[in-house]
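One-letter residues, chain by chain:
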Amino acid sequence: MVHGKDHPAVAATLHNIGSVYSSQGKYSEALAQYEESLRILRIVHGKDHPEVAATLHSVGSVYSSQCKYSEALAQYEESL
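Note that the structure is predicted; figures quoted are calculated from it, not measured.

Cut-offs applied
- Residues numbered from 1 in each chain as written.
- Predicted model: local features only at pLDDT ≥ 70, side-chain atom pairs only at ≥ 80, totals over all residues.
- Heavy atoms only, no water.
- Helix = DSSP H or I, 4+ residues; strand = E, 2+ residues; numbered from the N terminus.
- Rg over C-alpha atoms; globule rule 2.2 N^0.38 Å.
- Buried < 20%, exposed > 50% of the residue type's maximum accessible area, 1.4 Å probe, protein only.
- Lys, Arg positive; Asp, Glu negative; His and termini not counted.
- Charge placed at Lys NZ, Arg CZ, Asp CG, Glu CD.
- Contact = heavy atoms within 4.5 Å.
- Polar contact = N/O pair within 3.5 Å; in protein donor to acceptor, adjacent residues only side chain to side chain.
- Axes fitted to C-alpha atoms, helices over the stretch in contact; angles between N-to-C directions.
- Parallel < 35°, antiparallel > 145°, perpendicular 65-115°, else oblique.
- Left-handed = near helix turned anticlockwise from the far one by under 90°.
- Nonpolar A, V, L, I, M, F, W, Y, C, P; charged D, E, K, R; others polar.

Chemist: What am I meant to see in the overall build of the protein chain here?
Modeler: Each helix and strand in the protein chain was counted, giving 4 helices and 0 strands. Going from N to C terminus, the protein chain has its helices and strands arranged as α-α-α-α. Relative to a compact globule of 80 residues, whose C-alpha radius of gyration would be 12 Å, the protein chain shows 12 Å and is just as compact. A principal-axis box enclosing the C-alpha atoms of the protein chain has dimensions of 35 × 25 × 15 Å. Residues counted as buried form 31% of the 80 residues belonging to the protein chain. On the protein chain, the mean spot of the 6 positive side-chain charges and the mean spot of the 9 negative ones are 5 Å from each other.

Right, here's the structure in full:
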């Protein structure tokens, strides 16, 4: 691994992998990638960073695609 496991570039790549899984309808895999990305981003940037908000929005989109609307709404609201 070129970067350490908690590097922002790793978080960005995990987010991208999550996006691919989401596009394929592999929602549990997408959520796992997004959650790891969020873990890293919160360590690196704190909870109020735009990248954290973008990833929370992506998590919300996955829940929305699964018709889990209350979970989606919670993620969207946290991203504000």
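Chemist: What is the right way to look at the environment of Arg39 in this model?
Modeler: Mapped onto the secondary structure, Arg39 falls in helix α2 (residues 27-45). Between the alpha carbons of Arg39 and Leu73 there is a distance of 20 Å; along the sequence they are 34 residues apart. Residue contacts for Arg39: discarding those within four places in its chain leaves Lys5 and Asp6. Within the structure, the side chain of Arg39 is placed 2.6 Å from the side chain of Asp6, a separation counted as a polar contact.

Chemist: Quick question: what am I supposed to make of the packing of helix α3 (residues 50-65) against helix α4 (residues 69-78) here?
Modeler: Relative orientation and spacing of two packed helices are given, respectively, by the angle between their axes and the distance between those axes. The interhelical angle for the contact between α3 and α4, taken along N-to-C directions, is 165°, at an axis separation of 8 Å. With respect to α4, the axis of α3 lies roughly antiparallel. By crossing handedness, the relation of α3 to α4 is classed as left-handed. Residues Leu56, His57, Val59, Gly60, Ser61, Tyr63 and Ser64 of α3 lie in contact with α4, whose contacting residues are Tyr69, Glu71, Ala72, Gln75, Tyr76 and Glu78. For the contact of α3 with α4, the residue count by class is 6 nonpolar, 5 polar and 2 charged.

Chemist: Help me understand the packing of α2 against α3 in this model?
Modeler: The N-to-C vectors of α2 and α3 enclose an angle of 160°; their axes lie 9 Å apart at closest approach. With respect to their mutual orientation, α2 and α3 come out roughly antiparallel. Two packed elements cross with a definite hand, and for α2 against α3 that hand is left-handed. Two secondary-structure elements touch here, α2 through Tyr27, Ala30, Leu31, Tyr34, Glu35, Ser37, Leu38, Leu41, Arg42 and His45 and α3 through Glu51, Val52, Thr55, Leu56, Ser58, Val59, Val62, Tyr63 and Ser65. Classifying every residue of the contact of α2 with α3 by side-chain character gives 11 nonpolar, 5 polar and 3 charged.

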